[in-house]
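Architecture at a glance
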Amino acid sequence: MASIPNGPHNGPDHRLQGALGHIRVLDLSRVLAGPWCSQNLADLGADVIKIERPGAGDDTRAWGPPYAPDASGQPTTEAAYYLSANRGKRSLTVDIAAEQGQALLRDLVRHCDVVLENFKVGHLKRYGLDYATLKAIKPDLVYCSITGFGQDGPYAHRAGYDFLIQGMGGLMSVTGERDDLPGGGPQKVGVALTDLMTGMYATVAVLAALTHRDRTGEGQHIDMALLDTQVAMLANVGSNYLNSGKRPRRWGNAHANIVPYQTFACSDGHIIVAAGNDGQYQKFVEAGGRPELARDPRFATNPLRVQHRDVLVPLLADMVRAQPRDAWIAMLEAVGVPCGPINDLDEVFANEQVRARGMEIALPHPTAGNVKLVRSPMRMSATPATSGLAPPLLGEHTAEVLRDVLGKNDAEIAALRAGGIV
């Protein structure tokens, strides 16, 4: 586990560091899709000011247990869910329902390059924080809205949730065991994949809009929708349907077009075998002591194996079950057959490759001492994507931002606090 010391975001010159060290983001989003985008931008060096409700903050702060432990092992108030999506940011509490709070945010926009929000369509207009209002203040502003269904269309005013969108957008129709097998039926993905992918697409769109602004001086409004993202990320499955007119089916851990390309139970666990050609299949069954399965005319080619999968797969399952997982992995790696384990998270974070890449990090934290987080996977030689700033406590940087960005003095800050504005 890598321990990250105080880094580029700590200090008056933090905006000079990182690929986006010249960019400041006003982040009005919460939960996951928006914060995932702003965390990417923070990892790349942007100064992200996270706006939160006084006394409550981002909804995910309460989405525990588990919570980060302190030095004695006792849980803090920092939910692990919140920690996963908010490193590298500064927290400023503002009551946006108050006119004075709205005025503060409009003042902040003058000093920002990007606004990110995931309120319901039209909600921020009542506060004077919509794109049209803020564009008048800062014409080159990049303003990114993330909603369930987008800014227009018959569903625009509906609330969108990842689970619902996985179902509505087709992902669950191709995820899960075959309907004719025990346990068959639709399944959601084990992480909030649609939220995360929307955050990733939003990151790309913000960076493209910033490049356009730098070339032309023109800002713009980005309209990101979870449903749009889910439909787009169907990728080849969506393309197959559009070009064939045939609805795809669920295959569980098997493959529609390749056999064997699936999971198998070993004597002590599971492995994935991905035999992508006839030669790999032959080596697989030879390693398992069943070379006759390669000579059988029903299984000689992949199209024939797909045709006769219901006969072949049970034979392969019996073969694999006779050996432990690690023995299979060693045998198949030795003959060049793609294979791998199905790791639980203990095994993931103990994996030698994951450890060599430093994917688990620890950041200094004011109440937990250190918090364990997952490093950004973006590896850049000149401007490393990393942050020395742990996910902030609620309102941790309120005075700092008001003082350093807006030039407020101690008396003005105290008055804002006394009035419940921050």
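The present account deals with the structure reproduced in this document. All values derive from a computational prediction rather than experimental measurement.

1. So, the pattern of salt bridges
Following the criterion strictly, the structure yields 24 salt bridges and no others. In this structure, the salt-bridge partner of D296 is R298, at a minimum N-O distance of 2.8 Å. Residues joined by salt bridges that share partners form a network here, namely R24, D47, R90 and E400.

2. Description of the packing of helix α1 (residues 33-43) against helix α6 (residues 193-216)
Across the interface, α1 lies against α6 with an axial gap of 7 Å and an inter-helix angle of 45 degrees. Of the possible angle classes, the one that applies to α1 and α6 is oblique. Two packed elements cross with a definite hand, and for α1 against α6 that hand is right-handed. Every residue of α6 that contacts α1 at A33, W36, C37, N40 and L41 is listed here: D195, L196, T198, G199, M200, A202, T203, V206 and L207. In terms of residue class, the contact of α1 with α6 is made up of nine nonpolar, four polar and one charged.

3. A short note on the sheet that holds strand β7 (residues 114-117)
Pairing is parallel in the open sheet, where six strands are placed in the order β6-β3-β2-β7-β8-β9. In the strand order of this sheet, the two ends are held by β6 (89-93) and β9 (220-225), each with one partner. Neighbour-to-neighbour, the strand axes of the sheet open up by a mean angle of 20 degrees, direction not taken into account. Pairing geometry for strand β3 (residues 47-52) and β6, over five bridges, is parallel.

4. Here we look at a nonpolar patch on the surface
Among the surface-exposed residues, Y155, Y161, L164 and M168 lie close enough to one another that they form a single nonpolar patch of about 420 Å² accessible area. When its relative accessible area of 48% is taken as the criterion, L164 is described as partly exposed.

5. Some points on the nonpolar core
I51 and L108 are the most contacted members of the largest nonpolar core, which has 30 residues in total. Among the secondary structure elements, those contributing two or more residues to this core are β3, α3 (99-109), α4 (131-137), α16 (398-404) and α17 (410-418). Apart from residues no more than four positions distant in its own chain, I51 is found in contact with L26, D27, L28, L92, V94, L105 and L108. By size, the runner-up hydrophobic cluster in this structure holds 26 residues, among which are I23, V142, M224 and L227.

6. What to know about the packing of aromatic side chains
All chains considered together, the criterion is met by five aromatic pairs. Of the aromatic side chains, those joined through ring pairs into one cluster are F264, F284 and W328. Looking at R30, its charged tip hangs above the ring of F119, at a distance of 4.3 Å from the centre. Over the ring of Y155 we find R158, and its NZ or CZ is 3.8 Å from the ring centre.

7. Here's the deal with the environment of I361
Checked against the element boundaries, I361 lands in strand β13 (residues 360-365). With relative accessibility at 2%, the residue I361 sits in the buried group. For the pair I361 and S376, spaced 15 residues apart in sequence, the C-alpha to C-alpha distance is 9.8 Å.

8. Focus: helix α13 (residues 325-335)
Turning to α13, its buried residues are R325, W328, I329 and L332. The buried side chains of α13 occupy one side of the element, clustering within an arc of 100 degrees when seen end-on. Within α13, the exposed residues directed more than 90 degrees away from the buried face are D326 and A334. Buried residues along α13 sit against β11 (270-274), α9 (278-287), α12 (309-321), β12 (339-341) and α14 (345-350). At the exit of α13 stands G336, carrying a positive phi of roughly 80 degrees.

Definitions and limits used
Residue numbers restart at each chain and count upward from 1, following the sequence in its written direction. Totals for whole chains, interfaces and linings use all residues, but because this is a predicted model, local features are given only for residues with pLDDT of at least 70 and pairs of side-chain atoms are given and counted only at 80 or more. Each side-chain value is worked out from all heavy atoms of the structure, with water and hydrogens disregarded. Salt bridges are defined as contacts in which a side-chain nitrogen from Lys or Arg sits within 4 Å of a carboxyl oxygen from Asp or Glu. To get an axis, a line is fitted to the C-alpha atoms, and for a helix only the part in contact is used. The angle between two axes follows their N-to-C directions and goes from 0 to 180 degrees. We count a stretch as a helix when DSSP gives it H or I for four or more residues in a row; a strand needs E for two or more, and each element gets its number in order from the N terminus. Orientation is classified from the angle alone, with under 35 degrees giving roughly parallel, over 145 giving roughly antiparallel, 65 to 115 giving roughly perpendicular, and any other angle giving oblique. Less than a right angle of anticlockwise turn of the near helix away from the far helix marks a crossing as left-handed, whereas a clockwise turn marks it as right-handed. Any pair of residues with heavy atoms lying within 4.5 Å of one another is described as a contacting pair. Any residue outside Ala, Val, Leu, Ile, Met, Phe, Trp, Tyr, Cys, Pro, Asp, Glu, Lys and Arg is labelled polar, Gly included; the first ten of those are nonpolar and the last four are charged. Following DSSP output, two strands are said to pair if at least two bridges run between them. Note on patches: the residues involved have over 30% relative accessible area and no salt bridge, like charges join within 9 Å, and the nonpolar side chains Val, Leu, Ile, Met, Phe, Trp and Tyr join within 5 Å. Note on areas: these come from Shrake-Rupley sampling with a 1.4 Å probe, and a residue is covered only by the protein chains present in the view. A 1.4 Å probe rolled over the protein chains alone gives each residue an accessible area, and that area as a share of the maximum for its type sets the label: buried under 20%, exposed over 50%, partly exposed in between. Among buried residues, those of type Ala, Val, Leu, Ile, Met, Phe, Trp, Tyr and Cys that are joined through side-chain atoms within 4.5 Å constitute a nonpolar core. Each pair of aromatic rings taken from Phe, Tyr and Trp, with Trp reduced to its six-membered ring, is defined by centres within 6.5 Å and is described as stacked if the planes are under 30 degrees apart, edge-to-face if over 60, and tilted in the remaining cases. Put simply, a charge is over a ring when the Lys NZ or the Arg CZ is close to the ring centre, within 6 Å, and near the line of the ring normal, within 35 degrees. Taking the helix axis as origin, the arc is that swept by the directions to the C-beta atoms.

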